[in-house]
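Secondary and tertiary structure notes
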Amino acid sequence: MEALFFVDLSAIFNLLSVRILQKRAMGTAMYIQAAWLAVFPTIIMPYTDAWGLPLVSFYLLCYFAVRKSDLHSLIRVAAATGFGISVMLTYFIKPSSIIPVIAIVIMEALMALDRHKSIKPQHWFVALAMMLFMCESAYYTYQYVNTRVENQTYIQVDKSRAIPAIHFMAMGVYGQGGYSWWQAVEMTFLPTKQQKTDYSVMMLKKRLKKLGPTGYLKFLVKKQRNNTADGTFGWLKEGHFFLENQKPNNKGITNKLKNFIYLYGRHIADFRFAAQLWWVTLLAIIALGFGPRWSVIQILRLSIVGGFMFLLLFEGGRSRYLIQYLPCFLLLSILSFERVVVNVKRLTGWYEVKVDEAAAADKSS
């Protein structure tokens, strides 16, 4: 049930973000969020990506509140503090989920360089004050959580058995670019971190040499396709689910729902079709929302690109790794929807004009 709570909390934070950024898009936001929740059965599974969703949504909400100049100063200060705390908590729970923070920093730096001459001194002061609140809250949160983790005695941790990050890069170039059982097992036999690192570097170099430049590019294209292809986010396709061998009957509402999401349910194919249709629609909205250069749109786009790059370089090859970036996908589709309508009308009008011109040319000939 905790996954259900966290996912619903993420949806609420997303709606609040839209309320701050573009109030008139609240209707669209409600429909898109509801459609997502209807085809996201991961809410019934304990999974770190689902647990991290509200943190990503919350620090995005805090950032949007901080940059909203017409909000009360106390609200913006609270949002700046919340941003720092949630970013640090995200780092401890799911480090790769802070990629949108990197996108925020990059875009804010570029915007500051572009407009530094036109920014008034008092605005610089406010910006620096907000950054101070963010950094201090992040620092103290890190110190507190790190101290608690280091001093906890509930689980005995042997740091010498830690797996280096290069291991996940090495796994990311084999097979479909995802989890490699035999490489993971090899990590258990190597006693020191240095040996694990040396082995992973060796395997990475060996694989890259075998692929070559052209082969590696082809591999990345296939891996990106695998990263984004599945609208169910790998539901029932890997792992050992508690519902694998259960065959629900058709009695009662609960069993009727189980028939859509259990492996041997009568309507599992219908669920997969609906989830894939939702995912393709979401990606189509994002793709057709080209044109606007609104900074928030650019930040969300950069966050998604950053997530793609991370999954291409490290362990990936499965669409479930995109779950952690769903708040960016959802917010981008919502904020782009109005532009999509405009672009579709323009493309449709352009196509009709071309058809009329072709028909006129045929008649004249």
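Cut-offs applied
- Residues numbered from 1 in each chain as written.
- Predicted model: local features only at pLDDT ≥ 70, side-chain atom pairs only at ≥ 80, totals over all residues.
- Heavy atoms only, no water.
- Helix = DSSP H or I, 4+ residues; strand = E, 2+ residues; numbered from the N terminus.
- Buried < 20%, exposed > 50% of the residue type's maximum accessible area, 1.4 Å probe, protein only.
- Contact = heavy atoms within 4.5 Å.
- Salt bridge = Lys/Arg side-chain N within 4 Å of Asp/Glu carboxyl O.
- 1 Å grid on protein atoms, 1.4 Å probe; cavity = no way out; pocket = protein on both sides within 12 Å on 5 of 7 lines; lining within 4 Å.
- Points joined across faces, edges and corners; volume = space filled by probe spheres on them.
- Nonpolar A, V, L, I, M, F, W, Y, C, P; charged D, E, K, R; others polar.
- Phe/Tyr/Trp six-rings, centres within 6.5 Å; stacked < 30°, edge-to-face > 60°.
- Expected span 1.5 Å × (residues − 1).
- pLDDT = per-residue confidence, 0-100.
- Core = buried A, V, L, I, M, F, W, Y, C linked by side-chain atoms within 4.5 Å.
- Disulfide = S-S within 2.5 Å.
- Patch = residues over 30% accessible without salt bridge, like charges linked within 9 Å, V, L, I, M, F, W, Y side chains within 5 Å.
- Areas by Shrake-Rupley, 256 points an atom, 1.4 Å probe, with all protein chains shown as cover.

1. A closer look at the overall build of the protein
Per the secondary structure count, the protein includes 13 helices and zero strands. Starting at the N terminus and walking to the C terminus, you meet the elements of the protein as α-α-α-α-α-α-α-α-α-α-α-α-α. Considering only C-alpha atoms, the protein reaches an extent of 80 × 60 × 55 Å along its principal axes. Across the 365 residues that make up the protein, the buried fraction comes to 42%. Summarising the internal contacts of the protein: among those between residues at least 6 apart in sequence, 76% fall at separations of at least 24.

2. Points about the pattern of salt bridges
By the definition in use, this model includes two salt bridges. Residue Arg-24 is joined to Glu-338 by a salt bridge in which the shortest nitrogen-to-oxygen separation is 2.8 Å. Here Arg-24, found in the loop between α1 (2–21) and α2 (26–38), pairs with Glu-338, found in helix α13 (residues 326–364); they are 314 residues apart in sequence, far enough to count as distant. The class of Arg-24 is exposed, set by a relative accessible area of 61%.

3. A word on the layout of surface pockets
For the second largest pocket, the calculated volume is near 610 Å³. What lines the second largest pocket is a set of 20 residues, among which Pro-95, Ser-96, Ile-163, Phe-168 and Phe-310 lie closest to the centre. Taken together, the elements giving at least two residues each to the lining of the second largest pocket come down to α3 (48–66) and α12 (295–313). Here the lining of the second largest pocket is built from residues that sort into eleven nonpolar, three polar and six charged.

4. Observations concerning unusual backbone geometry
Working note: non-glycine residues mostly have negative phi, and peptide bonds are mostly trans. Not every positive phi belongs to a glycine, and Phe-233 is a case in point at roughly 55°. As for its placement among the helices and strands, Phe-233 is situated in the loop between α9 (193–228) and α10 (252–261).

5. Section: the packing of aromatic side chains
Any two aromatic rings considered together are summarised by their centre-to-centre distance and by the angle between their planes. Here the structure, examined in full by the defined rule, presents 16 aromatic pairs. Centroid distance Tyr-63 to Phe-64: 5.7 Å. Interplanar angle 55°. Geometry classified as tilted. In this pair, the class of Tyr-63 matches that of Phe-64, namely buried. Judged by centre distance (5.4 Å) and plane angle (55°), the ring pair of Trp-279 and Phe-329 falls under tilted.

6. Some words on α10
Here α10 has its buried residues at Asn-255, Asn-259 and Ile-261. Buried residues along α10 sit in contact with α11 (268–288).

7. Details of α3
For α3, built from 19 residues, the straight-helix expectation of 27 Å at 1.5 Å per residue is met to within 8% by its first-to-last C-alpha distance of 27 Å. For α3, the tally of buried residues reaches 16 of 19 residues, placing the bulk of the element in the interior.

8. Regarding the confidence of the model for the protein
Of the residues in the protein, 90% reach a pLDDT of 70 or more, and the chain-wide mean stands at 85. Between the elements of the protein, mean pLDDT differs from a low of 79, seen in α13, to a high of 94, seen in α2.

9. Points about the nonpolar core
When a protein is soluble and globular, its nonpolar side chains tend to lie buried together. Counting 71 residues, the largest nonpolar core has Trp-36, Phe-40, Phe-83, Trp-278, Leu-326 and Phe-329 as the members making the most contacts within it. Top contributing element to this core by residue count: α3, with eleven residues. With near-sequence residues (within four places) excluded, Phe-83 lies in contact with Tyr-59, Cys-62, Tyr-63, Val-101, Ile-104 and Met-134. Residues Ala-170, Tyr-199, Met-203 and Leu-211 belong to the second largest nonpolar core, which totals twelve residues.

10. Let's talk about the state of the cysteines
Tallying each qualifying case throughout the model produces zero disulfides. Note on Cys-135: no disulfide assigned, nearest cysteine sulfur contributed by Cys-62 at a separation of 14 Å. Lacking any disulfide linkage, Cys-328 is separated from the closest cysteine sulfur, that of Cys-62, by 14 Å.

11. Looking at a nonpolar patch on the surface
Side chains of Ile-102, Ile-106, Leu-110 and Leu-113 sit close together on the surface and give an oily, nonpolar patch of about 390 Å² of accessible area. Secondary-structure assignment places Leu-113 in helix α5 (residues 99–115).

12. Concerning the environment of Thr-28
Take Thr-28: it is sitting in helix α2. Residue classification places Thr-28 among the partly exposed residues on the basis of a relative accessible area of 21%. When the C-alpha atoms of Thr-28 and Glu-338 are compared, they prove to be 9.3 Å apart, with 310 residues separating the residues in sequence. Setting aside residues no more than four positions away along its own chain, Thr-28 makes contact with Ile-334 and Phe-337.

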